[in-house]
Amino acid sequence: MSKANVPLGTYAHHERHWHYVRQRRTRKAKHTTKEILIGQIISVVGAVVAGLVLDFNKAELATMAGVFLILPGVFDLGGSVAGAMGARLNHRLDEGAPVRHVTRDALVHAFMLICFSAVFLGLFGAIFGRFLFDADLWRLFMVTFMSAVAAAAVGLPVIAVATVFAKKRGLDADNFIGPIETSVFDTLTILTVTLMVVSLR
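Residues numbered from 1 in each chain as written. Predicted model: local features only at pLDDT ≥ 70, side-chain atom pairs only at ≥ 80, totals over all residues. Heavy atoms only, no water.

Take the packing of helix H4 (residues 137–168) against helix H5 (residues 177–200) next. Put simply, H4 and H5 touch, their axes get as near as 8 Å, and they point 145 degrees apart. As for how H4 packs across H5, the hand of that crossing is right-handed. Tallied by class, residues from the contact of H4 with H5 come to 20 nonpolar, five polar and two charged. (Axes fitted to C-alpha atoms, helices over the stretch in contact; angles between N-to-C directions. Helix = DSSP H or I, 4+ residues; strand = E, 2+ residues; numbered from the N terminus. Left-handed = near helix turned anticlockwise from the far one by under 90°. Nonpolar A, V, L, I, M, F, W, Y, C, P; charged D, E, K, R; others polar.)

Now the structure itself:
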């Protein structure tokens, strides 16, 4: 059929269709941008809070040799595992899996992974701390391991609850859970490391 013979109603229908598609995509883009902006605001606030907590506790942390050596590792361990857990949980919920079942599985797997990884992180941190700063091998290992485990015990449930809550509100957790878990684990890590240093010195 030539273009001249196509009914005018067909063109009108296509025009309305693509106009609707464009509006829907525009709304989705604005919604996504808003979620990402909220996540970045949370990240900035969390970074400031974590920095203040670190500044308030740096004198306590400085009393144990090698502590500042293991801090970046403990930060990254909790944040990385929590981010992966949140993404996995979000996508499993997208597939329609039972909330309680997938949340429990995600928490158990993430916590076991952190415990397992914290052993190696503690060993390497303690060895390097001993070699570079003449740190107490056992105490530095225990500070690393117990801090990572304690931060995970508190932080992982917070991230899981935030992910499920976001999903129930119709939000895409992938857009802002990352900044939340970074802020949560940065602050928790500083607090738990400080508590471990005070209890073991």
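Here the narrative resumes.
This paragraph deals with the packing of aromatic side chains. We describe a pair of aromatic rings using the distance from one ring centre to the other and the angle between the two ring planes. For the structure on display, the rule yields three aromatic pairs. Each member of the aromatic cluster is reached from another via a ring pair, and the members are Trp 138, Phe 141 and Phe 145. (Phe/Tyr/Trp six-rings, centres within 6.5 Å; stacked < 30°, edge-to-face > 60°.)

Now for a nonpolar patch on the surface. Together, Leu 69, Phe 116, Val 119, Phe 120, Leu 123, Phe 124, Ile 127, Phe 128, Phe 131, Leu 132, Phe 133 and Leu 137 make up an exposed nonpolar region whose accessible area comes to about 1,200 Å². Among the elements that line the nonpolar patch, the one with the most residues is helix H3 (residues 99–133), at 10 residues. Positionally, Leu 137 belongs in helix H4. Since its relative accessible area comes to 43%, Leu 137 is described here as partly exposed. (Patch = residues over 30% accessible without salt bridge, like charges linked within 9 Å, V, L, I, M, F, W, Y side chains within 5 Å. Areas by Shrake-Rupley, 256 points an atom, 1.4 Å probe, with all protein chains shown as cover. Salt bridge = Lys/Arg side-chain N within 4 Å of Asp/Glu carboxyl O. Buried < 20%, exposed > 50% of the residue type's maximum accessible area, 1.4 Å probe, protein only.)

In total, this model carries four salt bridges according to the counting rule given. With a closest N to O distance of 2.4 Å, Asp 94 and Lys 167 form a salt bridge. Of this pair, Asp 94 sits in helix H2 (residues 67–94) while Lys 167 sits in helix H4, and the two are 73 residues apart along the sequence. For Asp 94, a relative accessible area of 49% gives the class partly exposed. Between Asp 134 and Arg 130 there is a salt bridge, and its shortest N-O distance comes to 3.7 Å. Taking relative accessible area as the criterion, Asp 134 reaches 57% and is therefore assigned exposed. Judged by its relative accessible area of 45%, Arg 130 falls in the partly exposed class.

All right, on to the packing of H2 against H4 then. Packed helix pairs are characterised by how far apart their axes lie and by the angle those axes make with each other. Where H2 contacts H4, the two axes come as close as 9 Å, and the packing angle between them is 25 degrees. Between H2 and H4, the angle is such that the two are roughly parallel. Every pair of crossing elements has a handedness; the one defined by H2 and H4 is right-handed. Contact residues: H2 offers Val 67, Ile 70, Val 74, Leu 77, Ala 82, Met 85, Gly 86, Leu 89, Asn 90, Leu 93 and Asp 94, while H4 offers Leu 140, Val 143, Thr 144, Ala 148, Leu 156, Ile 159, Ala 160, Thr 163, Val 164 and Lys 167. Among the residues making up the contact of H2 with H4, the classes are represented as 15 nonpolar, four polar and two charged. (Parallel < 35°, antiparallel > 145°, perpendicular 65-115°, else oblique. Contact = heavy atoms within 4.5 Å.)

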